[in-house]
Structures are given as C-alpha cells and as structure tokens.
Amino acid sequence: MFNLLKGEIYKLWRSKSLYICSAVMLVFVLLLYGMFSLADMMQQGEVANGSYGLTVNEGVTSVWDEMGIPYIVQMMFSSISALIVAIFVSIYVFGDYANGAIKNVVGKGYSRGTVFLSKFVGTVVGTAVMQIVMVLGLLICEVIILGGRRLNVDVLVEISGYVAMQLLLGAALTAIVVTISQVCRNLGAGIAISACMIMFSSFATAGINALLKFMDMNVNVCEYWILDLISECPMGNMDNSFLVRAVVCAIVWSVVAIGVGAIHFRKADVK
C-alpha cells in the first residue's frame, strides 16, 4: 500500500492536469477580484458606469463593504471549485487507463481494492492542493488589492474552519467522481456525467423534496446530498447540527462511493 501511495503522489506532482486546473482556479480568482475592483471604481465615479458591460448602482456603499473576504471564499467554493475538481479527477483517473499504467500496476500482483484505494487517496491529495491554492490566491489578491485591511485573526480562523470542512466535503465529492470516472473509463463521459451532477443535482434534490412534501413526508434530502452541503456550508457560527450532519454525510458518501468503485474495479476487465 505504501509503495502504491508513493507512486500516486509521484504521478500527481508530474500531472499537468493538476497544475493546469490549479491555474484555472487562480484565473477565476483574478477574474472575480477584477470584476469587484471594476465595480468599486464605477461606484466611486472613477470609471464610467456601464463600461465593459458591467452596470452598478451609483451612490451606494462600496462593493468591498458588501463583499467581505469570507463571502468571496464561500462564493468560490460553492460555484466554480466543485466543477474544476470534477474535471481534474476525471482527467487524472482516466489518464491511468489511457497510458496503460493501471494495467501495469494490477499486473504486479497488488490487490485491486488496494489499487483503487491508493488512487482515491492520491486524487484527494490533488483536489485538496487545488482548493488550498485557490484560497491562498484569494488571500493574496485581498492583500494586493485592499492591503489586507479586512484580514485579522478572527477572519482567518473563521476561513480556516470553513476551508477544513470544505476539504472534508470535497473528499467525499472526489470519491463519487473517482467512481464515476472508473466506471465510465471514458474521459468525455466522465466529465459530462460529473459536470451534469454538479450543475443539476441540486435541482433534482429540490424536486424530490417537493414530491416528498406533496406526499406529506417530512424529509429534506438536500440536507444529506454532498453538493447541497458544500453550497450551504456556513462561514463561522457552524452549529453542531450542521457539523455532525456534514461529517457523517461526508464519511457515508465516501464509504459508499469507494465501496461501489472498488467492487466494480475488482470485477471489471483492465485493458
């Protein structure tokens, strides 16, 4: 197991997809701060309102007063982060099938369950690195553009707790996408299914909730679906109810996804 994990980490650091997807994360961070900076200049009258296709309400408080750094961190995690993570996972998992690496590893006599688990752990490390890079990019932009005046110990502690929870939930999402990619074994299909899941599953859970309510069943499935938990994760003042539910759901979804993926991997042909 140790040798497999060592090999996964080595492949991870040599993976172009890790660096490209991390760079894409940073590009979105720059675009977000650039848009907010432009909106602020319009509010201050430094740039004509409506320039570059952006219109703001003049004479109101600065956008920076309305959009605190915790809110911006939440915005990134609940929107683009999950999609980029899914794309990276699909590329990384499929890469082993495309270059024949998975066949070579299985041929060395390692149990398939161990091979699948090591792949999951390596992928989680990669997605965690990407998300941490995104947060560091946000903090650096905050310091460069606003001088870091909104950053203090309380804010950093608040952000740290939020990021820790998002990394746990992100690990569960990674497990689901790893299993989808392993079952599909096709890059296009893996990305398409994962992207659709990320963009539309919340509508599905809302529809299921409406149906259950119509049937007089007091069950809210949104409270247990991993993507809804990621988007609804509170920044600071995280009550015990959400904390316990999020941790339990993250563990359960991870175990279920890894179990399904490992069972399929053990029975499927490796080519």
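Residues numbered from 1 in each chain as written. Predicted model: local features only at pLDDT ≥ 70, side-chain atom pairs only at ≥ 80, totals over all residues. Heavy atoms only, no water.

Participant: Describe helix H4 (residues 69–77), naming the residues involved and giving the relevant values.
Facilitator: Those residues of H4 lying buried are Ile 69, Pro 70, Ile 72, Val 73, Met 76 and Phe 77. Seen end-on, H4 carries its buried residues on one side only, within an arc spanning 160°. The secondary structure elements touched by the buried residues of H4 are helix H2 (16–43), helix H3 (63–66), helix H5 (80–98), helix H7 (112–146), helix H8 (153–184) and helix H10 (226–232). (Buried < 20%, exposed > 50% of the residue type's maximum accessible area, 1.4 Å probe, protein only. Helix = DSSP H or I, 4+ residues; strand = E, 2+ residues; numbered from the N terminus. Arc of directions from axis to C-beta. Contact = heavy atoms within 4.5 Å.)

Participant: Quick rundown of H7? Include the residues and the values.
Facilitator: Note on helix geometry: an α-helix contains 3.6 residues per turn, so any two residues three or four positions apart are oriented the same way. For H7, spanning 35 residues, the distance from its first C-alpha to its last is 51 Å, which sits close to the expected 51 Å at 1.5 Å a residue. Phi turns positive, to about 75°, at Gly 147, one or two residues after H7. (Expected span 1.5 Å × (residues − 1).)

Participant: So what's going on with the packing of H2 against H5? Residues and values would help.
Facilitator: At a minimum axis distance of 10 Å, the contact between H2 and H5 shows a crossing angle of 165°. Judged by the angle between their axes, H2 and H5 are roughly antiparallel. As for how H2 packs across H5, the hand of that crossing is right-handed. Facing Ser 17, Leu 18, Cys 21, Val 24, Met 25 and Phe 28 of H2, the residues of H5 in contact are Ile 80, Ser 81, Ile 84, Val 85, Phe 88 and Ile 91. The class makeup of the residues in the contact of H2 with H5 is 10 nonpolar, 2 polar and no charged. (Axes fitted to C-alpha atoms, helices over the stretch in contact; angles between N-to-C directions. Parallel < 35°, antiparallel > 145°, perpendicular 65-115°, else oblique. Left-handed = near helix turned anticlockwise from the far one by under 90°. Nonpolar A, V, L, I, M, F, W, Y, C, P; charged D, E, K, R; others polar.)

Participant: Describe the packing of aromatic side chains, and please don't skip the residues or the numbers.
Facilitator: All chains considered together, the criterion is met by 4 aromatic pairs. Consider the rings of Trp 225 and Trp 253, whose centres lie 4.9 Å apart with planes at 75°: the pair is edge-to-face. Residue Trp 225 is found in the loop between helix H9 (187–214) and H10, and its partner Trp 253 is found in helix H11 (residues 240–267); the two are separated by 28 residues along the sequence. Residue classification places Trp 225 among the buried residues on the basis of a relative accessible area of 11%. (Phe/Tyr/Trp six-rings, centres within 6.5 Å; stacked < 30°, edge-to-face > 60°.)

Participant: How would you explain the confidence of the model for the protein if you had to name every residue and give the values?
Facilitator: With 92% of its residues at a pLDDT of 70 or more, the protein shows a mean pLDDT of 85. The element-level mean pLDDT for the protein is lowest in helix H6 (residues 101–107), coming to 71, with H8 highest at 92. (pLDDT = per-residue confidence, 0-100.)

Participant: Which residues make up the pattern of salt bridges, and what values go with them?
Facilitator: Summed over all chains, the structure comprises 2 salt bridges. Here Lys 119 makes a salt bridge to Glu 8, at a shortest N to O gap of 3.2 Å. A residue pair is termed long-range when its members are at least 10 positions apart, and Lys 119 in helix H7 and Glu 8 in helix H1 (residues 2–13) qualify at 111 residues. Salt bridges sharing common partners tie together Glu 8, Lys 11 and Lys 119. (Salt bridge = Lys/Arg side-chain N within 4 Å of Asp/Glu carboxyl O.)

Participant: Which residues make up the nonpolar core, and what are the values?
Facilitator: Membership of the largest hydrophobic core comes to 72 residues, with the highest contact counts inside it found for Ile 159, Met 197, Ile 226 and Leu 227. In terms of residue count, H8 provides more of this core than any other element does, 14 residues in total. Dropping the residues within four chain positions of it, Ile 159 is found in contact with Ile 69, Val 73, Val 135, Leu 139 and Met 235. (Core = buried A, V, L, I, M, F, W, Y, C linked by side-chain atoms within 4.5 Å.)

Participant: So what's going on with the side chain of Ser 37? Residues and values would help.
Facilitator: When you line up the elements, Ser 37 lands in helix H2. Relative accessible area serves as the criterion here: at 17%, Ser 37 is assigned to the buried category. Residues in contact with Ser 37, not counting those within four places in the same chain, are Trp 64 and Ile 145.

Participant: Report on the environment of Tyr 33, specifying residues and quantitative values.
Facilitator: Residue placement: Tyr 33 occurs in helix H2. Counting along the chain gives 58 residues from Tyr 33 to Ile 91, while the straight-line C-alpha distance between them is 28 Å. Those residues in contact with Tyr 33, other than ones at most four positions away along the chain, are Trp 64, Ile 69, Ile 72, Leu 138, Cys 141, Glu 142, Ile 145 and Arg 150. Among the polar contacts listed, one links the side chain of Tyr 33 to the side chain of Glu 142, at a separation of 2.6 Å. (Polar contact = N/O pair within 3.5 Å; in protein donor to acceptor, adjacent residues only side chain to side chain.)

Participant: Can you explain the state of the cysteines? Please cite residues and give values.
Facilitator: Summed over all chains, the structure comprises 0 disulfides. Not engaged in a disulfide, the cysteine Cys 233 finds its nearest cysteine sulfur in Cys 249; these two sulfurs lie 12 Å apart. By relative accessible area, which is 1% here, Cys 233 ends up buried. In this model Cys 249 remains outside any disulfide bridge; the closest cysteine sulfur is found in Cys 222, 12 Å from its own. With relative accessibility at 8%, the residue Cys 249 sits in the buried group. (Disulfide = S-S within 2.5 Å.)

Participant: Which residues make up the environment of Trp 13, and what values go with them?
Facilitator: Among the secondary structure elements, Trp 13 is positioned in helix H1. For Trp 13, a relative accessible area of 40% translates into the label partly exposed. Residues in contact with Trp 13, not counting those within four places in the same chain, are Leu 18, Tyr 19 and Val 129.

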